[in-house]
Amino acid sequence: MTQTTIQDTMDTLELPKLKRAQGEVTIPGSKSLSNRILLLAALCRGTTTITNLLDSDDVRHMLTALKQLGVSYTLSDDRTYCTLEGKGGPLATGQDISLFLGNAGTAMRPLAAALCIGQGTFHLTGEERMFERPIGDLIEAMRPLGIDVNYDGEPGYPPLTIRAQSLKAAKLQIDGSISSQFLTALLMAAPLLKSRIDIEVIGELVSKPYIDITLDVMARFGVTVENHNYQTFTVPADQQYQSPGRIQVEGDASSASYFLAAGAIGQGPVRVHGTGTASVQGDVRFAEVLEQMGANVNWSEHWIEVSASQRLQAVDLDLNHIPDAAMTIAVAALFADGTTRIRNIYNWRVKETDRIHAMAAELRKLGAEVEEGDDYLQITPPETLTPAAIDTYNDHRIAMCFSLAAFGTDGLVINDPGCTAKTFPDYFDRFASITDQ
Ligand SMILES: O=C(O)C1=C[C@@H](OP(=O)(O)O)[C@@H](O)[C@H](O)C1
Ligand SMILES: C=C(OP(=O)(O)O)C(=O)O
């Protein structure tokens, strides 16, 4: 059963002007961890009980695909508790099957790699935007193994047809400059090959902390990877994923960013439970950026609390390591004295939408002066925000981060608020619970 939330029932959502943020919120499970854990639980030997699984579109796409691939699982009514029977090896079907993966990068990329190994013919498809999100660097990196993959549309992009087969060992090189998800996908599939795999990363590796999440989850499922300074990785031979038995998904650190920023803009304190110093997610470092902007941040292992007694200050930072949470900084910049510059974010252009362009357009509607570079955004806030209707481009993060603009104006409208369902279906209800008009 899907919950009925404010945003499910409306095409647009008008937010009242907000005066203050305070309170506590527990964020739902991490998308990045949920989809990695589901895939490895399906590939491992044994039964895995997953707690605090995220229930959102991206995770539903992974779950549906796994069911079509013959994986059995049960879910609690709220879909956050899952018991899954591992296949103890590659996902194989005798049939030709089509998997619809929406716009979930964490389903498309890892499944594309894992399904090259095994048996069956798989058509991987998704939403229109998925057909504009590259996958060629992953597929081409795997060619030396002898994979059989066809691009059914534009070369280098989904949809794909994969004819799984047994593959040979090879040394691989992967371009890490467009998305870290390609390397994640290759690493997670490597143990299925049984032979030693050496992977060399060419180009700058973007979004590096996501590789730490991958290595952490692989280790929880009993597979070791040698990481040589993120430049080469060795997956030793003859490893098999083993169920950890029970595994809890941490709260989503990217989802936490909206509430933490609310604490910094709306005085606070706002305490966010579910992520903290014990987290494996790089996006917890978002709180450090708020601290540099002048907010007070308290950390524990499992919560982060933010408050602020003065206006924020602008920052000029390379935020390549926290690409998702960095969008929240772009909106927080509306409440900071000076000009904020967010650098080294070129891969925002190949996410749910061209995020550099979309963020610039929507920030301008609110009266900000914005310079849009190839790989940066520079934002100078106006004295007072102009009321505006924010277009969200079917991008959950645009809808969520622009909710913060309600601290600066009446009559803020978020178009298509339901797009938060990709990672956070009841976001606006939770946001309302920590904000006062
Ligand atoms: O591996 C992951 O779970 C993710 C990696 C990042 O993508 P890129 O590596 O493409 O930047 C991030 O933006 C995405 O939301 C989730
Ligand atoms: C880039 C994102 O998603 P995906 O996992 O589809 O790449 C995101 O959630 O911001």
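The structure presented is a predicted model; accordingly, all values stated were derived computationally and were not measured.

(A) Highlighting the overall build of the protein chain. Looking only at helices and strands, one finds twelve helices and 26 strands in the protein chain. Relative to the compact-globule value of 22 Å for 437 residues, the protein chain shows a C-alpha radius of gyration of 21 Å, a close match. Split into buried and exposed, the 437 residues of the protein chain put 60% on the buried side. Taking all contacts inside the protein chain whose residues are at least 6 apart in sequence as the whole, residues at least 24 apart take part in 74%. Surface accessibility of the protein chain: about 15800 Å² in total, with carbon and sulfur atoms responsible for 45%. Positive and negative charge centroids in the protein chain, built from 35 and 54 side chains respectively, lie 4 Å apart.

(B) Examining the packing of aromatic side chains more closely. Under the criterion given, the structure shown has seven aromatic pairs. Measuring from ring centre to ring centre gives 5.4 Å for Phe424 and Tyr427, while their planes differ by 75 degrees; the resulting arrangement is edge-to-face. The same class applies to Phe424 as to Tyr427, namely buried. Where Tyr427 meets Phe431, the ring centres are 5.7 Å apart and the plane angle is 20 degrees; that geometry is what we call stacked. One end of the pair, Tyr427, and the other, Phe431, are both in helix H12 (residues 427-433), four residues apart, so they sit about a helical turn from each other. One exposure class covers both Tyr427 and Phe431, and it is buried. One aromatic cluster in this structure is built from Tyr258, Phe259, Phe424, Tyr427, Phe428 and Phe431. Geometry around Tyr376 places Arg341 over its ring, the cationic atom sitting 4.0 Å from the centre.

(C) Region of interest: the sheet that holds strand S25 (residues 412-415). Strands sit in the order S1-S25-S24 across an open sheet of three strands; the sheet is mixed. The open sheet has two edge strands, strand S1 (12-15) and strand S24 (389-390), and neither has a second partner.

(D) Focus on the domain arrangement of the protein chain. For the protein chain, the assigned domains are domain 1 (12-28 + 251-436) and domain 2 (31-248). Relative placement of domain 1 and domain 2: their C-alpha centres are 29 Å apart. Contacts between the two partners involve 28 residues from domain 1 and, on the opposite side, 25 residues from domain 2. Around 2000 Å² of area is buried between domain 1 and domain 2 when both sides are counted, 46% of it from carbon and sulfur atoms. The largest per-residue losses of area from domain 1 upon contact with domain 2 belong to Val280, Val350 and Lys422, which jointly make up 29% of the total buried on that side. On the surface where domain 1 and domain 2 come into contact, there are one salt bridge. Partitioning the side of domain 1 that touches domain 2 into residue classes produces eight nonpolar, eleven polar and nine charged.

(E) Examining the pairing of S1 more closely. Taking every second residue as pointing to the same face, the buried face of S1 carries Leu13 and Leu15, while none of Thr12 and Glu14 on the other face is buried. Relative to S25, S1 runs antiparallel, the two sharing four bridges. By the bridge assignment for S25, Leu15 is matched with Leu412.

(F) The arrangement of the site of ligand 1 in detail. Residues in close proximity to ligand 1 include Lys31, Ser32, Arg36, Thr106, Ser179, Ser180, Gln181, Ser207, Tyr210, Asp324, Asn347 and Lys351, which together make up its full environment. The separation between an oxygen atom of ligand 1 and a polar side-chain atom of Ser32 is 2.6 Å. Here an oxygen atom of ligand 1 sits 2.9 Å away from a polar atom, N or O, in the side chain of Asn347. Here ligand 1 has 380 Å² of accessible area as a free molecule, and 96% of this is covered by the chains.

(G) Broad picture of the nonpolar core. In terms of nonpolar packing, the biggest core is built from 83 residues, with Leu38, Leu124, Leu138, Leu187 and Phe233 touching the most fellow members. Ignoring anything within four residues of it in the chain, the contact list for Leu124 reads Leu99, Leu101, Met108, Leu111, Ala112, Leu115, Pro159, Leu160 and Ile162. Core analysis: the second largest hydrophobic core is formed by 76 residues, Val25, Ala256, Trp348 and Tyr427 among them.

The rules behind the values
Residues numbered from 1 in each chain as written. Chains lettered and ligands numbered in written order. Predicted model: local features only at pLDDT ≥ 70, side-chain atom pairs only at ≥ 80, totals over all residues. Heavy atoms only, no water. Helix = DSSP H or I, 4+ residues; strand = E, 2+ residues; numbered from the N terminus. Rg over C-alpha atoms; globule rule 2.2 N^0.38 Å. Buried < 20%, exposed > 50% of the residue type's maximum accessible area, 1.4 Å probe, protein only. Contact = heavy atoms within 4.5 Å. Areas by Shrake-Rupley, 256 points an atom, 1.4 Å probe, with all protein chains shown as cover. Lys, Arg positive; Asp, Glu negative; His and termini not counted. Charge placed at Lys NZ, Arg CZ, Asp CG, Glu CD. Phe/Tyr/Trp six-rings, centres within 6.5 Å; stacked < 30°, edge-to-face > 60°. Lys NZ or Arg CZ within 6 Å of the ring centre and 35° of its normal. Pairing = 2+ DSSP bridges. Domains from an automatic or database assignment. Buried area = accessible area lost by both parts, 1.4 Å probe. Salt bridge = Lys/Arg side-chain N within 4 Å of Asp/Glu carboxyl O. Nonpolar A, V, L, I, M, F, W, Y, C, P; charged D, E, K, R; others polar. Near = heavy atom within 4 Å. Polar contact = N/O pair within 3.5 Å; in protein donor to acceptor, adjacent residues only side chain to side chain. Core = buried A, V, L, I, M, F, W, Y, C linked by side-chain atoms within 4.5 Å.

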